[in-house]
Amino acid sequence: MVERAPYLTTRLQGFGATIFAEMSALAVRTGAINLGQGFPDTDGPPEVLQAAVDAIGGGRNQYPPGIGIPELRHAVSNHQKRFYDLSYDPDSEVLITAGATEAIASALISLCEVGDEVVCFEPYYDSYAAGIAMAGAVRRPVLLRGPKSSYVPEELEAAIGPRTRLILLNSPHNPTGKVYSRAELEHVAELAIRHDLLVVTDEVYEHIVYEGEHIPLATLPGMRERTVTISSGGKTFSTTGWKIGWVCATPELVTAVRTSKQFLTYVSGGPFQYAIAEGLNLGDDYFRSLAGGLRERRDRLSAGLADAGFDVWNSAGTYFVTTHLAPMGETDGVAFCWSLPERCGVVAVPSVVFYDSKDVGRPLVRFACCKRPEVIAEAAGRLATLRASG
Ligand code: PMP
Ligand code: GLN
């Protein structure tokens, strides 16, 4: 029996500290290399950092407008046009949020009735379950299976019922590194249209794709008007602490999402909004080079993990590489991750926290590759000692 947390509402029972906070604290406590929480260990582009300094020095320190500063809303709109040929009116179809996290929570709270069902894919990013719970909705996860993380089409179809309000889709996908194919997205779109569902897409890793192509769901026929597209600047500009995110959708959907967003934070990160606008206006080269630099680290980490004896799943995008522990003679990712700092000075995340199907998630462990090459190399060396020590 899991103990009931005192004071905490029934809706949020079972949501303890996030695994990222726990594992980063473990890394600090033990001095281990932190390949757990996904944040880069280098800063973003200097001109973006300077724009934040200039905004603070230049007196941009009071509340920005509720929907975000015009410069950033225009930059988001131009970005969607430049990369995906999607047109969004910066005044009525773009909303700036406190990271993608707030955008996702606000979308769920604003769009779901109590008791509505949200179809998502598992493993899912941890804030989805909490956001669905805060909205009083119910999650209906569809399993991504095996190293290719593919889902069974009939299982997605069966997950949709009379209470389904929306599908929550994350591509490129944390934690598996899956990038949804056009055929998969077409299937999701076909079901959304057939059942008259909304889709909320989490595209925070849109520029971190190693294989295949990032296709925003809103680009598919009939989907722009029913898709709430969410992204943020944290990953794209290596500024995860700034928490500047955004929503693109029809005016009616943006107004709905804004209604809860304005009472969660109202606004956030005024000076950083100027800086992320600067970032979104950088040339194509910047966006292209981002994945290039990370690809080498993904390769180095994947090779190191394979050498150490893990079964390594191919990551087509994101900051993450997933491994299966079976060849190591281990079955429990949680126990493994808690013992890893002591065994070899590395921290990773047990993927089971992203699963409802605990048996499927139990032997899986996620490693972050968004660290400097020398840090990845050092971590690989330490992990190799696992094999030696048996
Ligand atoms: N979605 C996914 C899939 C993530 O990995 C993260 C973590 N960065 C977020 C959302 C949260 O993004 P933000 O930091 O912009 O709130
Ligand atoms: N997105 C990051 C990860 O998956 C963590 C962000 C957070 O700590 N909330 O590691």
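Here the residue index of a chain counts from 1 through its sequence in written order. Here the convention is simple: chains get letters from A, ligands get numbers from 1, in the order in which they are written. It should be noted that, the model being predicted, local features are given only for residues of pLDDT at least 70 and side-chain atom pairs only at 80 or more, the latter also being counted only at that level, while totals for whole chains, interfaces and linings use all residues. Hydrogen atoms and water are omitted, and side-chain values are computed over all heavy atoms in the structure.

Before going further, it helps to spend a moment on the sheet that holds strand β12 (residues 349–350). Here the rule is simple: two strands pair whenever DSSP picks up at least two bridges between them. We count a stretch as a helix when DSSP gives it H or I for four or more residues in a row; a strand needs E for two or more, and each element gets its number in order from the N terminus. What the 4 strands build is an open sheet, ordered β9-β10-β13-β12; its pairing is antiparallel. A strand with exactly one partner marks an edge of an open sheet, and here the two such strands are β9 (311–312) and β12. By the bridge criterion, 2 bridges tie β9 to strand β10 (residues 320–324) in an arrangement that is antiparallel. Among the inter-strand pairings, aspartate 311 is bridged to a residue of β10, identified as histidine 324. We call two residues in contact whenever any of their non-hydrogen atoms come within 4.5 Å of each other. Interaxial angles span 0 to 180 degrees and are taken between N-to-C directions of axes, which are lines fitted to C-alpha atoms, for helices over the stretch in contact. Each of β9, β10 and β13 (364–368) touches helix α11 (residues 284–308); the most contacted strand, β10, lies at about 15 degrees to it.

The next thing to look at is the pairing of β13. The two faces of the sheet receive side chains in turn, since in a regular strand these alternate between them. Here β13 lies mainly inside the structure; 5 of its 5 residues are buried. Pairing of β10 with β13 involves 5 bridges; the strand directions are antiparallel. Across the sheet, histidine 324 pairs through a bridge with leucine 364, a residue of β13. Taken together, the 2 bridges between β12 and β13 define a ladder with antiparallel strand orientation. Of the residues in β13, the one forming a bridge with proline 350 is valine 365. Relative accessible area decides the class of each residue, using a 1.4 Å probe on protein chains only: under 20% of the type maximum gives buried, over 50% gives exposed, and in between gives partly exposed.

Another aspect to go through is the nonpolar core. The tendency in soluble globular proteins is for nonpolar side chains to be buried as a group. Buried residues of nine kinds, namely Ala, Val, Leu, Ile, Met, Phe, Trp, Tyr and Cys, make up a nonpolar core once their side-chain atoms join them within 4.5 Å. If you look at the biggest cluster of nonpolar residues, it comprises 95 residues, and the most contacted ones within it are Leu72, Leu166, Leu168, Phe310, Leu340, Phe367 and Leu383. Judged by nonpolar contacts, the second largest core, of 22 residues, contains Ile160, Ile167, Val188 and Ala189.

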